[in-house]
Amino acid sequence: MGMVERLYDWLGRRLDANAPSEGDVIAESLSARAPASLAYDTAVSYIAQMVAKCPVKVYRKGKLDDRAYESWVWNEFPNPNQSGPEFKAALVHEMFRSDKGAVVLPLGRSIYIARGTATKDALDGDMYDELKVGNRIVKGPHYVGDLYRFSMGGPSPAKSARGLDGTYGALLSSAASDFKRRSADKWKLKLTARDAGDGKQREVIDEYTTKTLKKFTEADDTAVYPEFKGQELMRVGDGRQAVSSDAFVTLRKDCDEAVAGLLKMPSSMLYGNVNNYNEVFRSFMSFAVEPVIDVIEAEMTRKTFSPDEWLSESFCKLDTKNLKYTDLFDAAADADKLVAASILTPYDAAKWLGLDPVDEEWAHAYWMTKNYVPAGDAYAAGGGEPNE
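Small disclaimer: the values here were computed from a predicted structure and weren't measured.

We now examine the pattern of salt bridges. Scanning the entire structure with this criterion turns up 12 salt bridges. In this structure, the salt-bridge partner of aspartate 126 is lysine 120, at a minimum N-O distance of 3.4 Å. Given a relative accessible area of 62%, lysine 120 falls into the exposed group. Of the charged contacts, one joins arginine 149 and aspartate 126 as a salt bridge, the two residues approaching to 3.0 Å between their closest N and O atoms. Note that arginine 149 is positioned in strand β8 (residues 148–150) and aspartate 126 in the loop between β5 (118–119) and β6 (127–133), a separation of 23 residues in sequence. Here arginine 149 falls in the partly exposed class, since its relative accessible area comes to 23%. Residue class for aspartate 126 comes out buried when judged on its relative accessible area of 8%.

If you walk across this open sheet you meet the three strands as β5-β6-β7, and the pairing is antiparallel. What marks the edges here is a single partner per strand, and that holds for β5 and β7 (136–143). As judged from the two bridges shared by β5 and β6, these two strands associate in the antiparallel manner. The partner of threonine 119 across the bridge, within β6, is methionine 127.

Each regular strand shows side chains that alternate between the opposite faces of the sheet. By the bridge criterion, three bridges tie strand β3 (residues 102–107) to β8 in an arrangement that is antiparallel. Counterpart to alanine 102 in the pairing with β8 is phenylalanine 150. Bridge analysis of β3 against strand β4 (residues 110–114) gives five bridges, and the strand direction is antiparallel. Bridging across to β4, proline 106 finds its partner in isoleucine 111.

For aspartate 165, the location among the structural elements is in helix α6 (residues 157–183). For aspartate 165, the residues in contact, after removing those within four places along its chain, are Ala34, Pro35, Ala36, Ser37 and Ala170.

Okay, the sheet that holds β3 next. Taken in spatial order, the three strands of this open sheet run β4-β3-β8, and their pairing is antiparallel. Every other strand in the sheet has two partners, leaving β4 and β8 as the edge strands with one partner each. Adjacent strand axes in the sheet meet at a mean angle of 25 degrees, parallel and antiparallel pairs treated alike. Together, β3, β4 and β8 form the strand contacts of helix α5 (residues 84–97), whose direction differs from that of β4 by roughly 30 degrees.

Procedures and definitions
Residues numbered from 1 in each chain as written. Predicted model: local features only at pLDDT ≥ 70, side-chain atom pairs only at ≥ 80, totals over all residues. Heavy atoms only, no water. Salt bridge = Lys/Arg side-chain N within 4 Å of Asp/Glu carboxyl O. Buried < 20%, exposed > 50% of the residue type's maximum accessible area, 1.4 Å probe, protein only. Helix = DSSP H or I, 4+ residues; strand = E, 2+ residues; numbered from the N terminus. Pairing = 2+ DSSP bridges. Contact = heavy atoms within 4.5 Å. Axes fitted to C-alpha atoms, helices over the stretch in contact; angles between N-to-C directions.

And the structure:
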């Protein structure tokens, strides 16, 4: 039973210590667990955790507003029950779980993820008669212009993933049944012709094999059974050591690739392949994460600022620069170049590296090495001929 239990756990279903051992239980559970939805939830969690690491920054008239109240709400204290990262992760999960996107309801000085059915109005905007926040009903009307609604648009990937569950669930059920059948131990009990006896004797033998011997052959611990003179119990082969689980690996990988395609992310992330990490990460950010960030930024900006404020460069932004793990020593040379080229101040570079910056006047200044001079100055000093 051990091999079957380990395989069953690997496919995503937690086994109870007293779980029954019948093969049909495994087949039914694999189908019920919805393998495509499991892969989908895993893939969405990658995106959600990346977005959760992005602090919201508010710019007014082109300058960062360090004390913006919106930053406090979205990054630190969205509501009494959630922290900022927790809220943003839950928001992304809701965006990809709901066919209609995620609704965020401002209530007082807090924001909450809400659910409800909207009355559609293509011209004046949708309206919700009521919204549900957890187990609480908040009566409306709630107009879409007074709340946030984050949606990726287009066909629902969640609905497509649910559609794949039936196909892959049936395939995994079939593979589980076949694995159970081929890996099960086979035994034979040799009896003398006299012991086989008449109908009544055969009933005794049937009861003996289905109760006593079955418990003995399936026991996970020390077991004893009575063997009488003229009887011999023998194993027929040892299927457990010869049966491969390649069918499960192939099906899981195929399912992962299908789900990864729905979310436009590298399929290797779902089955743990870390080769070509930099290329995989860039692809993941470009096609899976940044489109989600664009939607969140646009919705927050249009619900926070007026058109005139937006024209004066007021907007909301999710800061993505710290998403990739940065090793201090690996990044030291790059940090030096950024400071030397006056792209970052020493203060900014220290924050980027995850260090506690020095709050001194020189640390807030922009520096440039003497190797950098304007092109005109270099030509005036005889550094070269102008282009024709």
